[in-house]
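# Descriptive analysis of the structure
This is what each chain is made of:
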Amino acid sequence: MSSKVKYIVRYAVISLSVFLAGMILNFCGVFTFLENKTYDKRIQSTTPFTKPNDDIFVIGIDQDSINKALADFNWGWPWPRSAYAEIVDFMREGKASSVTFDVFYTEPSVYGPEDDEIFAKSCENYGRVIHTMFVSDDNKPLFPVEGIKNASALLGNITSAKDSDDVIRRARLSFTLDGKEYPALGIAPLLLDADQSLSDHDFFDESGDQIISDDDSADSVEKKVSPASAEEMLSYFKNQLPVSKDGTVLLRYKGDISRYYPYSAYEIIKSWRLYKEGKESELLPSDFEGASVFFIFYAPGLYDICSTPVSQIYPGAGVHVTMLDNILSGDFIRMPPVWFMIIYALVWTIISSFSVYYAENGSQRLKNVKIITFFTIGILLILGIAWGVFLLNITIQIITPLFCFVISFFVTIFVNYTSEGKQRRFIKSAFSQYLSPSVIDRLIQHPEKLRLGGEKRRISIFFSDIQGFTSISEKLNPSQLTDLLNHYLTEMTNIILASGGTIDKYEGDAIIAFWNAPTEIPSHAECALMAALSCQKKLEELSNEFTQKVGRPLWTRIGINTGEAVVGNMGSDQRFDYTMFGDSVNLASRLESMNKQFGTYTMCSENTKNEVDDSGNRYRWRELGRVQVIGKKNAVTVYEPYLEQSYRKKESVLKFFEMGLKRFYEGNFNEAIVFFSKIERFDMPARKYIERCKKLIKNPPENWNGVWVADTK
């Protein structure tokens, strides 16, 4: 079996096992509580994007109404039921579609039978008043007093459909008692004069498509559906709405009940009295034309409190208002079929396992980053998709696919660690002392590369050497010398490896490194240069420490070149090294030595400078000269690099150097000395040029070309 097939089989087995575990837990109800809480969070977070239906109004008796009614009408609490009659008369005058009282009138009025009769008469005259009934847990009904009950156009049931955590997320469309079906209070307004209701409202099916429009003619309405009674109309809604198997619908709450233009009962009564007297009033009956009006108690301590996704303290009337709104607006929350959710969870399980596969392929240095990235993206996508489709009034599970994704992810990582990890740990342990982490990562991914061979690559090459190390070593015993050298090499190596470099080898105090192999680094020249400057800065920071050990700071000379070279595993079949060779490598070595002749510590070739400049403008340069190194016929231009801040500090000195260098190129050695002399106290390269100019004046060249010919390696 090939390696690829083995991986696929492994990940398939992991995915299937985790998926089956997730499905068992899901269908056993283990995730129900958490799933409900995520549903609540989605309701809460998407509420600001909803719009309450404009045809629903809420009138409430709040504390302000109670206080003003006591002051102006001398009504104590409870109010006389004749007060509610005035509200009904106001709505009848305004031709409101219906008035629904979410209030229990189960006891006779404390103001006497005539008070009940006045209220009942107003309800009967209007013919569009809905009152409330309730069925207790022991299946006992609770109805209004006889007169009010008989005057009702319909009785609406308010028996709630709570979930296991006592939160009302859904509602029944009806409740059957002793063979008689009572519509829910929220749907009852649509059942008044069932035939007429069809032509008065826009209704929507469970996909949100309009079923019947106000623009439909009476004939077309009859052709679509022509129920003959409230019972048939209720059955019609049950077929059109997204009703679950238990006979409930998921409600799309739209926030606080105050969003339904809450009106004060006191203001309605006051406006009605002014209207009857022909006086100007704040509210007019016509303001409520065609509206479905809900009347509720809204003062603290008067209304029933329930727990909903939007609030733990929510007026029970809000459940019924929400149901009516959802029917009129067509925005009940819909659930995909079970088969879809099963496939959805399976897809995320598979994605999880195979994302680990792709994360662990390639560079081991990036493996952890890719694992964290894939894991984070997966979690965010599961949550984002759930929230996104919720805005479309569709709810999909979060906890089950999340469980499958997370568990599959970590199980896959664990299995890989216990199986493939053995080989990787062996390779890493065997070669960590000799190869850079990037090379080890490449070998882990491609063990077949543990054989001889090379490739031509454009790389940036780094050579460094401690100035005067021989004299330092003579002052120290072997133990002290070893400690010093290990400390120095560790600090320099950490910087090089952190920048993406590969350590080729150590030769005593010398460090040889390169960038852009075996892994590609787009800005490898800049990385090499930054590593060189960082090494010099680190030596400055450690100068006191090294001075205490050897009597002076450590200075290191660094040469950098960029060019083509051959890199790869070089050596014998029994022992080999990942290394490089070529003319570009030799030049970098010569540039490190050329620092001696110029009195500098960091020098790079024009190739390196040009590639760094292509990466950006972070660096400044001093052109040191055109040099011909030992073993080369052609001259190369070399530079000393600076960070912007360091360049600014020496800018005036460097300008004199530039003018002196120009005269040197022209062969005007005496003039060059004049400029170099102005800065020789501050600048070692200027002193070196003065020495070189004096030699050239003493022994004038026959054909001057401005090239500094190296006389030592």
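The next point concerns the pattern of salt bridges. Throughout the structure, instances matching the rule amount to 32 salt bridges. Across the salt bridge formed by Asp116 and Arg81, the nearest N and O atoms sit 2.6 Å from each other. Residue Asp116 is found in helix 5 (residues 113-126), and its partner Arg81 is found in helix 4 (residues 81-94); the two are separated by 35 residues along the sequence. Among the residues examined, Arg81 registers a relative accessible area of 10% and is labelled buried. A salt bridge links Glu671 to Arg663, with the shortest nitrogen-to-oxygen separation between them at 3.7 Å. Note on Glu671: relative accessible area 43%, which makes it partly exposed. Where salt bridges share partners, they join Lys37, Asp40, Asp163, Asp165, Arg169 and Arg170 into one cluster.

Core analysis: the largest hydrophobic core is formed by 43 residues, its most contacted members being Ile187, Leu191, Phe237, Leu251, Met323 and Ile327. Looking at this core, the elements with two or more residues in it are helix 2 (32-46), strand 1 (56-61), helix 9 (230-240), strand 11 (248-250), strand 13 (292-297) and helix 11 (317-329). At seven residues, the largest contribution of residues to this core is made by helix 11. If we ignore the near neighbours within four places in the chain, the residues touching Leu251 are Tyr39, Ile43, Arg169, Arg170, Ala171, Val319, Thr322, Met323, Asn326, Phe332 and Ile333.

Another aspect to go through is the pairing of strand 1. With respect to burial, strand 1 is a largely interior element, six of its six residues being buried. Neither face of strand 1 is exposed, since Ile56, Val58 and Gly60 on one face and Phe57, Ile59 and Ile61 on the opposite face are all buried. Here six bridges tie strand 1 to strand 13, and the two strands are oriented parallel to one another. Bridging from a neighbouring strand, Ile61 pairs with Phe297 of strand 13.

Among the structural elements, Arg259 can be located in the loop between strand 11 and strand 12 (263-264). Taking the C-alpha atoms as reference points, Arg259 and Lys51, 208 residues apart in sequence, are found 8.7 Å from one another. Those residues in contact with Arg259, other than ones at most four positions away along the chain, are Thr47, Thr50, Lys51, Pro52 and Lys254. Reaching out from Arg259, the side chain makes a polar contact with the backbone oxygen of Thr50 at a distance of 2.9 Å.

Right, let's get into the packing of aromatic side chains. Counted under the stated rule, the structure contains 48 aromatic pairs. Consider the rings of Trp75 and Trp79, whose centres lie 5.4 Å apart with planes at 55°: the pair is tilted. We classify Trp75 as buried; its relative accessible area is 10%. When the ring of Phe101 is compared with that of Phe119, the centres are 5.4 Å apart and the planes differ by 80°; the resulting orientation is edge-to-face. A residue pair is termed long-range when its members are at least 10 positions apart, and Phe101 in strand 2 (residues 98-101) and Phe119 in helix 5 qualify at 18 residues. Here Phe119 falls in the buried class, since its relative accessible area comes to 0%. An aromatic cluster is defined as three or more aromatic residues linked by ring pairs; in this entry it consists of Phe73, Trp75, Trp77, Trp79, Tyr84, Phe101, Tyr105, Phe119, Tyr266, Phe295 and Phe297. Taking the ring centre of Phe657 as reference, the NZ or CZ of Arg622 above it sits at 4.5 Å.

Turning our eyes to something else, we now look at unusual backbone geometry. At the junction of Trp77 and Pro78, the peptide bond is cis and its omega measures out at 5° in the coordinates. With respect to the helices and strands, Pro78 occurs in the loop between helix 3 (63-72) and helix 4. A positive phi angle is found at Asn74, which is not glycine, with a value near 60°. With respect to the element layout, Asn74 can be found in the loop between helix 3 and helix 4. Overall, Asn74 belongs to the exposed group, its relative accessible area being 64%. Its identity as a non-glycine residue notwithstanding, Lys95 has a phi of 60°, on the positive side. Looking at the secondary structure, you find Lys95 in the loop between helix 4 and strand 2. The class for Lys95 is exposed, based on a relative accessible area of 61%.

Calculation notes
Residues numbered from 1 in each chain as written. Predicted model: local features only at pLDDT ≥ 70, side-chain atom pairs only at ≥ 80, totals over all residues. Heavy atoms only, no water. Salt bridge = Lys/Arg side-chain N within 4 Å of Asp/Glu carboxyl O. Helix = DSSP H or I, 4+ residues; strand = E, 2+ residues; numbered from the N terminus. Buried < 20%, exposed > 50% of the residue type's maximum accessible area, 1.4 Å probe, protein only. Core = buried A, V, L, I, M, F, W, Y, C linked by side-chain atoms within 4.5 Å. Contact = heavy atoms within 4.5 Å. Pairing = 2+ DSSP bridges. Polar contact = N/O pair within 3.5 Å; in protein donor to acceptor, adjacent residues only side chain to side chain. Phe/Tyr/Trp six-rings, centres within 6.5 Å; stacked < 30°, edge-to-face > 60°. Lys NZ or Arg CZ within 6 Å of the ring centre and 35° of its normal.

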